[in-house]
Amino acid sequence: MLQKSFHSDSVAGFKQAWSESIKDGFNPNAAILFCSVELDLHDIVTYLKNQDISIFGCSSCGEFLYNDQSQVISEGGLVCLMMLLVPGSFKIRLFDGKEKSSFELGNLIGEWAGDVFKDPAILILGSGLDTDGEQLIRGIQHFTGNDISMFGGLAGDDARFKETFVFSGGNIKSNGAIAMVLDDDLYDIHGIATSGWVSIGADKIITHSEGNVVYTIDGQPALDVYKSYLNVKDCDLPEIGVEYPLLIKKPGAMDVLRAVINVDIEKKSLIFAGTVPTGAVVTFSSSPGFEIIEYTRQKVNEFYDRNEDADILILFSCMARHNALGPTISEEIDEAWQNWRKPLIGFFTYGEIGNNYNAACDFHNETFTLVSLKQHTDVA
Amino acid sequence: MLLKINSLIEELLKIEKPEEFQRQKDFIIQELKRVKTEYDKLLFKYERSSKEKNILSSLLIRTSADLKQVSDKLKIRAEELSTLLETIPAYVYFKDINLNYLIVNHAFVDLVGIPSDQITGKKIHDIFPGYKNEDFLNKEAYAVKTGTAFYDIEEEVEFNDRKRWVNSNIAPIRNAEDQIIGLIGISWDITDRKLNEVELRHSKEMAEAGTLAKNEFIASISHEFRTPMNGILGLSEILKNSPLNPEQMDLLQGIIASAENLLVLLNDVLDFSAIEAGKMEMDYQPFMLERVMEDITLVMKMKAAEKNLGFTVVTDEEVPNLLIGDAQRLRQILINLTNNGVKFTEQGNVAVQISLVEQLANRVILRFEVTDTGIGIAPESIDSLFKVFSRIKGDKTKLISGTGLGLSICKKLCDLMGGQIGVESEPGKGSKFWFTLPFTLSNLERKLAPKIKMAITSGDVKKLILVAEDNAINQRIVSYHLQKMGFEVDLAGDGQEALEKYHQKQYDLIILDIQMPVMDGYKVARTIREEEKINLRKSAIIALTANAMKGDRELYLNAGMDGYVSKPFTFETLQEAINNVLR
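Model, not experiment: these values are computed from the prediction. (Residues numbered from 1 in each chain as written. Chains lettered and ligands numbered in written order. Predicted model: local features only at pLDDT ≥ 70, side-chain atom pairs only at ≥ 80, totals over all residues. Heavy atoms only, no water.)

A. Molecular detail of the overall build of chain A. A tally of helices and strands in chain A yields nine helices and 26 strands. Considering chain A as a whole, with its 380 residues, one finds that 62% of them fall into the buried category. Pairs at least 24 residues apart make up 80% of the contacts formed inside chain A by residues separated by at least 6 positions. Counting only carbon and sulfur atoms, one obtains 44% of the accessible surface of chain A, whose full area is about 14000 Å². (Helix = DSSP H or I, 4+ residues; strand = E, 2+ residues; numbered from the N terminus. Buried < 20%, exposed > 50% of the residue type's maximum accessible area, 1.4 Å probe, protein only. Contact = heavy atoms within 4.5 Å. Areas by Shrake-Rupley, 256 points an atom, 1.4 Å probe, with all protein chains shown as cover.)

Here it is, written out as C-alpha cells:
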C-alpha cells in the first residue's frame, strides 16, 4: 500500500505538510487524521473540503505517529496518514447522531455498511461525550451480525470533557460518528484489545441505571459513592473517573471496564462511556502500576507472532493509560512499532471498540486496542 | 542517571580542540535528550506515586471496610449454614475429588457411630465395610468427573446390623474457577416411609380384594333376585289375563307396580356397582333411533295414560335415523328421564324432543330434551341433582320416593359415552332435562331388519320350541308366553333332558336356561352345534339367563347361541328376541 504520514503542531504546518506530500505526484484517495481540539478544526475541515480525498478523522486526547522519520507522542497537535487504497474497496461516511440513541445511530451505520459490501469490515470513530459505545456497537451488529471485524475509538477533547468531534472532508459533527467501511475480501484486518486494569475491593451492585447513566450504587447516589471511595472533589471528576473505572463482572465472559466520562452534579449521577445495566455486579478498578506496560508488550508480541504482515497499524489507546503511565506509555507503543516497523497512527481515546482475539467486537475502556491492516493488492 | 551525566561532562572536559568539541556536540546533545526522557519518566513515576497515593489509600481504606463487612456477612452465613447442616434431619457429607470424606454432619456421625475426625479422609468402604452398591459408587465417580448431579437414589444400607432405607441426592461442588473440587451428598432416612408403603400396598390389596368380593356378591345376588322376580312378574301377567273381579285386579296391579319398582331398583344398583368398579363398558352397535323411540313411546305412553298425562316424541327432520352407539344405554337414559317426568307430573304432559346439534363427516351430536309440566325442582337442589343418592325435591318439605341413583347413573352413562347432561327447571312449572350424545353415522340399513310384531307361523303349521328350564314357575311362564305367541312348546327340566328331546324331534328354536342341574345351557348349546355338523339340522338357540352382567353376551355367542333374554323378561322382550332369531 502506498502511504505517507506526518505530524504537525499547527494548522499551517499541517497544510504545508499535506501539500508537500502530494507534490511528487503521490495521489492518495483516503486519509486518517487525529487532531487536538487546540487546533482550529473548522479551518482544517474547510481546507480538506477542497481536496479530493476521503477523510476519516476525529478530535483526540493526545495523538501519536510512528514512522521511519519520527516517533512522536504529542498533545495539542495532529497526526495524518494518507493512503492510496484500491478504488472501490472502501467508503467513508459521516453520520449525524442528533436526536438519535446510540443504538439507532449504530443501526444506520450497520445498514449502510451492509449495503456497500457483502462482507464489510468497519473502522469507526464516535463522538466521545454523547455516545454509548456499547449501544453503538449493538446497533451496528443488529444489521451486520456479530462476526464482523470492527475497530475504532471514541473522540477526545484533551481531557476537557466539553465537546468532541468527528469529521470528514468538509463536514464536522460534535454528536455523531464517522465510519470507514472496507471490503473484507480485499483486506486483512486484525486486532487486540488489552487492558491490564485490576479489580479492587468488594462487589457492588448497580441499583439504578438507565443506559450509560448510573444513578445509584448499592442504593447510594453514584456520584457520592465515587467521591467517597476515591476521596476526590467534584472538580476532579470525570478525569479521575476515567482512570478508576468500574469493572463489570460478566459471569462466563470477559469482564469489561466502564470509565466515567461525565458527571451530573445535580442528579448525583455518573455518565459512563458504555452501558452499565441495573443489577450489574461491579467493583472499582485501577491500573496495578507500571507493570501493565510489560503485560501490554507481551500481548503485542503474541499478536505479532500470529499476524506479522501489515501495511499500517492504527492504535486506539485509552486516555487513562496516558494519565496512568505518563511518558512511559511510549514503551508500549514502541513495542508495536519495533515489531512491525510499519507506520503506526493513533490517538488517546475516550473509549475503544474492537474484536479481541477470536471474539466478537465489544466496547472497552482503559485498553490498548491495536489494529493491523493489510491490503491484498496494491494499486498499480 | 547522574553517573551518565558525570561521564558526559568528563568527556567534554577531555576535549581540548574546538573542532573536536563541535564534532562531539551532536552526540552529547542526543545523549542528554535520552537522559532527559529517562529523567522525565522517573519524575512522572515519582509524582504519579504521590498523587495516586491519596486515591489508592482512600480506595484501600474503603474497600478494606467493605471486605470486613463482606467477611462478617460470610461468617454469619457460615454459622447459619453450619446450624442448618447440624440440624437438618438428613445425613450430609462432603467428599473431595478422590471421594474421601471431608465433612459430615451430626446425623451422619450418629448413624455410623464413628467420631467425625475419624471419618475425615476415609473412603466409603472404611466407614461402611460391607457396602456393595456399585451403581451408587459409579454415580459418585461420574458426578465428580462430569459435574452431573443425581437425585432420588433409593437404596437399603446396612451397618451395625441395622438396615435402613435412604434416599440420596449427590451434586458436584465447584470452586470460583468453576473447577469440580468434590461433591455434597444428602441422604434422607426413608425407612418409615418404606414401611408405610408396604402397609399401604397391603391395605390397597385388601381393599381391592374387598371390592372384588363386593362385585361378585352383587353379581351373584342379582342372579338370585332375578329368578324369583321373573316368577312374580310372569305369574302376575298370567294372572292379569285370567278372569278377575275389579278388587282383585286392583290388588294385582299393586303387586305388578311394586315388583316393577323393585326391578328398577335392582337394575340401578347393578349399574351403579358396575360403574363404580369401572366395569361398565359401552356396547356400540348399529341401531335405528326410530325403533328406540318407538319402544320408549310404547312403554311411556301407557304409563302416562295411567295418570291422564300426554306423552309425545318429536324428532327434528335433520336427525339421522341410522346410527352407531349403545342403544340399550340410550334407551335406559330416556326411560329414566321420561319415567321421572311422569312420576313428578300430576297434570299436563311429558314430551321428548330430539334435535341435531352438530354434524361432522361421519359423526353427529344429538340433543335429547325431556320436558314435563310437573312440580319442578328447587334451585338450591339443581347443583346436587346428578350426584349419588340425590333425590328430586319439589320444595323443601316434599320428598318423592326413589333410589337416588337414577340421575347419577344417567350422568355417568353420558360421561362414558362422551356426552353432557343438564337440567333447567322452575318450581311449580316443570323441568326440562336434556342430554347430548355423540353418535357415528351408520350406513348399514340393510342389516337392521324391520321390527316384526306378529308371532311367527309357517303357513298353518305351528313352529316348535323346546324350553329347557329347571325352575317350574319359570317353565310355566315361558310356555304361557310362547303359546300366546302361537308356538308349540316342549319342556325339559335340565340340560341332559333337553339334549335327549333334541335327539327325538327337530325344533325351530331351543330356549336354554344357563344354570341348570346335570348339564348347563352352554354345554347343551355347544353339543347341539357339534351334532348339527353331522345331522345337518339347524335350530336357533336363545339363552335365558339371570346373569345380567356385561360380557355375558360374548359367552353365549361363543357357545353357538343366537341371542339371549335376560330375566326377568316381559312378553315383549321375549317376543323381540324370538323375532330376531327366527326371521
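B. Region of interest: the environment of A:Tyr304. All names here are of chain A. Tracing the chain through its elements places Tyr 304 in helix H7 (residues 292-306). In this structure, the C-alpha to C-alpha distance between Tyr 304 and Trp 340, residues 36 residues apart in sequence, is 7.6 Å. The residues touching Tyr 304, leaving out its near neighbours within four places in the chain, are Asn 339 and Trp 340.

C. Main features of the interface of chain B and chain A. On the chain A side, the residues contacting the 15 residues of chain B number 25 residues. Across the chain B/chain A interface, buried area totals approximately 1700 Å², and carbon plus sulfur atoms make up 65% of it. Applying the counting criterion to the chain B and chain A interface returns two salt bridges. In this structure, A:Glu331 and B:Lys41 form a salt bridge, with 3.0 Å as the shortest nitrogen-oxygen distance. Between the two partners, chain B and chain A, sit eight residue pairs in polar contact (both at pLDDT 80 or more). Considered class by class, the residues forming the side of chain B that touches chain A number six nonpolar, two polar and seven charged. (Buried area = accessible area lost by both parts, 1.4 Å probe. Salt bridge = Lys/Arg side-chain N within 4 Å of Asp/Glu carboxyl O. Polar contact = N/O pair within 3.5 Å; in protein donor to acceptor, adjacent residues only side chain to side chain. Nonpolar A, V, L, I, M, F, W, Y, C, P; charged D, E, K, R; others polar.)

D. The arrangement of the sheet that holds strand S9 (residues 150-154) of chain A in detail. All names here are of chain A. One open sheet holds the six strands; their spatial order is S7-S12-S8-S9-S24-S25, and the pairing between them is mixed. Each edge of the sheet is formed by a strand with only one pairing partner; in this case those strands are strand S7 (90-96) and strand S25 (361-364). Strand-to-strand twist across the sheet, computed as the mean angle between neighbouring axes with direction ignored, equals 15 degrees. In the sheet, strand S8 (residues 120-126) pairs with strand S12 (residues 176-183) via seven bridges, with the strands oriented antiparallel. Looking across to S12, one finds that Gly 126 is bridged to Ala 177. (Pairing = 2+ DSSP bridges. Axes fitted to C-alpha atoms, helices over the stretch in contact; angles between N-to-C directions.)

E. Layout of helix H3 (residues 102-116) of chain A. Residues and elements named next belong to chain A. Its 15 residues give H3 an end-to-end C-alpha distance of 21 Å, which sits within 8% of 21 Å, the value for a rise of 1.5 Å per residue. Of all the positions in H3, only Ser 102, Leu 105, Gly 106, Asn 107, Ile 109, Gly 110, Trp 112 and Ala 113 are classed as buried. The secondary structure elements touched by the buried residues of H3 are S7, S8, helix H4 (133-144) and S12. (Expected span 1.5 Å × (residues − 1).)

F. The arrangement of the packing of aromatic side chains in detail. Throughout the structure, instances matching the rule amount to 28 aromatic pairs over all chains. Geometrically, the ring pair formed by A:Phe161 and A:Tyr350 is stacked, given 4.7 Å between the ring centres and 15 degrees between the ring planes. Of the two residues, A:Phe161 sits in the loop between S9 and strand S10 (166-167) while A:Tyr350 sits in the loop between strand S23 (344-349) and strand S24 (352-355), which places them 189 residues apart along the sequence. Judged by its relative accessible area of 2%, A:Tyr350 is buried. Summarising the aromatic geometry, the rings of B:Phe386 and B:Phe433 are spaced 6.3 Å apart at their centres and angled 80 degrees between planes, so their arrangement reads as edge-to-face. A residue pair is termed long-range when its members are at least 10 positions apart, and B:Phe386 in the loop between helix H11 (379-382) and helix H12 (406-416) and B:Phe433 in strand S12 (residues 430-441) qualify at 47 residues. Relative accessible area serves as the criterion here: at 14%, B:Phe386 is assigned to the buried category. Each residue in the set B:Tyr93, B:Tyr101, B:Phe108, B:Phe128, B:Tyr131 and B:Phe136 is aromatic and connected to the rest through ring pairs, giving one cluster. The lysine or arginine in question, B:Arg537, covers the ring of B:Tyr502, its NZ or CZ lying 4.3 Å from the ring centre. (Phe/Tyr/Trp six-rings, centres within 6.5 Å; stacked < 30°, edge-to-face > 60°. Lys NZ or Arg CZ within 6 Å of the ring centre and 35° of its normal.)

G. Examining a nonpolar patch on the surface more closely. A cluster of nonpolar side chains, contributed by B:Tyr39, B:Leu43 and B:Tyr46, occupies part of the molecular surface with about 330 Å² of accessible area. Secondary-structure assignment places B:Tyr46 in helix H2 (residues 18-87). (Patch = residues over 30% accessible without salt bridge, like charges linked within 9 Å, V, L, I, M, F, W, Y side chains within 5 Å.)

H. The arrangement of the sheet that holds strand S17 (residues 563-566) of chain B in detail. All names here are of chain B. Here we have five strands laid out as an open sheet, ordered S14-S13-S15-S16-S17, and parallel in their pairing. Looking at which strands have only one partner, the edges of the open sheet turn out to be strand S14 (488-492) and S17. Direction aside, neighbouring strands of the sheet carry axes that sit 20 degrees apart on average. Of the strand pairs in this sheet, strand S13 (residues 464-468) and strand S15 (residues 509-513) are connected by four bridges, and their pairing is parallel. Paired with Ile 465 across the two strands is Leu 509, which belongs to S15. Across the sheet, helix H13 (residues 472-485) touches S13, S14, S15 and strand S16 (540-545), and the angle it forms with S14 is around 165 degrees.

I. Structural context of the packing of helix H1 (residues 11-23) of chain A against helix H2 (residues 41-49) of chain A. Residues and elements named next belong to chain A. In contact at an axis separation of 10 Å, H1 and H2 are set at 20 degrees when each is read in the N-to-C sense. Classed by the angle they form, the pair H1 and H2 counts as roughly parallel. Relative to H2, the crossing made by H1 is right-handed. Across from Val 11, Phe 14, Lys 15, Trp 18 and Ser 19 in H1, the residues of H2 making contact are Asp 43, Ile 44, Tyr 47 and Leu 48. (Parallel < 35°, antiparallel > 145°, perpendicular 65-115°, else oblique. Left-handed = near helix turned anticlockwise from the far one by under 90°.)

J. A look at the pairing of strand S1 (residues 91-96) of chain B. Residue and element names in this part refer to chain B. Judged by how many residues are buried, S1 sits mostly within the fold: five of six residues are covered. Sheet analysis places S1 next to strand S5 (residues 180-189), joined by six bridges and oriented antiparallel. Within the sheet, the bridge partner assigned to Lys 95 lies in S5 and is Leu 183. Hairpin connection from S1 to strand S2 (residues 101-104): four residues lie between these consecutive antiparallel strands, with Leu 99 at a positive phi of about 65 degrees.

K. The arrangement of the pattern of salt bridges in detail. Following the criterion strictly, the structure yields 38 salt bridges over all chains and no others. A salt bridge links A:Lys249 to A:Asp203; the shortest N-O distance between them is 2.7 Å. Of the two residues, A:Lys249 is situated in the loop between strand S17 (246-248) and strand S18 (256-258) and A:Asp203 in strand S14 (residues 198-210); the sequence distance between them amounts to 46 residues. The network of salt bridges with shared partners includes B:Glu154, B:Arg193, B:Lys194 and B:Glu197.

L. Structural context of unusual backbone geometry. Positive phi values are uncommon outside glycine, yet A:Phe161 reaches one of about 55 degrees. Judged by relative accessible area, A:Phe161 falls into the buried class, the value being 9%.

M. A look at the nonpolar core. Counting residues in each nonpolar core, the largest one holds 59 residues, and the members touching the most others are A:Ile109, A:Ile122, A:Ile124, A:Ile333, A:Trp340, A:Leu344 and A:Leu370. Membership of the second largest hydrophobic core comes to 45 residues, among which are B:Met300, B:Leu330, B:Phe386 and B:Met417. (Core = buried A, V, L, I, M, F, W, Y, C linked by side-chain atoms within 4.5 Å.)

N. Structural context of a negative patch on the surface. Together, A:Asp188, A:Glu302, A:Asp305, A:Glu308 and A:Asp309 line one region of the surface with negative charge. Mapped onto the fold, A:Glu308 is located in the loop between H7 and strand S22 (312-318). (Lys, Arg positive; Asp, Glu negative; His and termini not counted. Charge placed at Lys NZ, Arg CZ, Asp CG, Glu CD.)

O. The arrangement of H4(A) in detail. Residue and element names in this part refer to chain A. Its twelve residues give H4 an end-to-end C-alpha distance of 16 Å, which sits within 8% of 16 Å, the value for a rise of 1.5 Å per residue. Residues of H4 that are buried include every one of Gly 133, Glu 134, Leu 136, Ile 137, Gly 139, Ile 140 and Gln 141, and no others. Between the side-chain oxygen at the start of H4 and the backbone nitrogen of Glu 134 there is a gap of 3.1 Å, and the oxygen is on Asp 132. A positive backbone phi angle near 85 degrees is found at Gly 145, which sits one or two residues after H4.

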